[in-house]
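# Breakdown of the fold
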Amino acid sequence: MVNSRRKGHDGEREIVKRLKEGLASSEIHRNWMAQSADGGADILLEHWAVEVKRAKAPLIRDWWTQAAQQAAIAGKKPVLIYRLDRQEWRAMISMRDLRPDLNDFRQVTIDLESFINLVRLE
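A short tour of the structure in this document, coming up. Everything numeric in this text was worked out from a predicted model, so none of it was measured. (Residues numbered from 1 in each chain as written. Predicted model: local features only at pLDDT ≥ 70, side-chain atom pairs only at ≥ 80, totals over all residues. Heavy atoms only, no water.)

## A short note on the overall build of the protein
- Helices and strands together make up the secondary structure of the protein, namely five helices and six strands.
- Reading the protein from its N terminus to its C terminus gives the helix and strand order α-β-α-β-β-α-β-β-α-β-α.
- Counting over 122 residues, the protein shows a buried share of 40%.
- Of all intrachain contacts in the protein linking residues separated by at least 6 positions in sequence, the fraction that spans at least 24 positions is 46%. (Helix = DSSP H or I, 4+ residues; strand = E, 2+ residues; numbered from the N terminus. Buried < 20%, exposed > 50% of the residue type's maximum accessible area, 1.4 Å probe, protein only. Contact = heavy atoms within 4.5 Å.)

The following block contains the structure:
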């Protein structure tokens, strides 16, 4: 039987490693204090509050709601980075955070490397 808590922590560590590799100059912080105190974002980047999920079945709407709420508290843009079993990591962001001029609040899903490239260009 898979321990879901361990699966989540392993996912967070993997994402921190991938972000550090791709964003060498960026500050990346695991948000231990806020996570334990009030369920805050898993990882904080300069402009982004990252929620990481690993699961067998997707709960995308619930995960996005959680990511958006935590980002609002942190005063950052939300990103949901998730991986379903036997699939690649994906990143979900608000279209508004890509193109504020469009005033479009729907979400778009991109691969993790595309998100890292987006952050690198900020």
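Read on, since the account is not over.
## As for the packing of aromatic side chains
- All chains considered together, the criterion is met by two aromatic pairs.
- Note on W48 and F115: the rings are 5.2 Å apart at their centroids and 85 degrees apart in plane angle, and the pair reads as edge-to-face. Of this pair, W48 sits in strand β3 (residues 48-55) while F115 sits in helix α5 (residues 112-121); the two residues are 67 residues apart in sequence, bridging distant segments of the chain. Here the two residues W48 and F115 agree in accessibility, since each one is buried. (Phe/Tyr/Trp six-rings, centres within 6.5 Å; stacked < 30°, edge-to-face > 60°.)

## Some points on the environment of V119
- Here V119 is to be found in helix α5.
- C-alpha separation for the pair V119 and H47, spaced 72 residues apart in sequence, amounts to 8.5 Å.
- Ignoring sequence-local partners within four residues, the contact set of V119 consists of L23, L45 and W48.

## A closer look at the nonpolar core
- Core analysis: the largest hydrophobic core is formed by 20 residues, its most contacted members being I15, L19, I43, L45, V79, I81 and F115.
- At the level of secondary structure, the elements contributing two or more residues to this core comprise α1 (4-22), β3, β4 (77-84), β5 (90-94) and α5.
- Here the element with the most residues in this core is α5; it accounts for four residues.
- What F115 contacts, discounting residues up to four positions off in sequence, is L19, L45, W48, V79, I81, A91, I93 and I110.
- Among the nonpolar cores identified, the runner-up in size contains eight residues, and W63, W64, L80 and Y82 belong to it. (Core = buried A, V, L, I, M, F, W, Y, C linked by side-chain atoms within 4.5 Å.)

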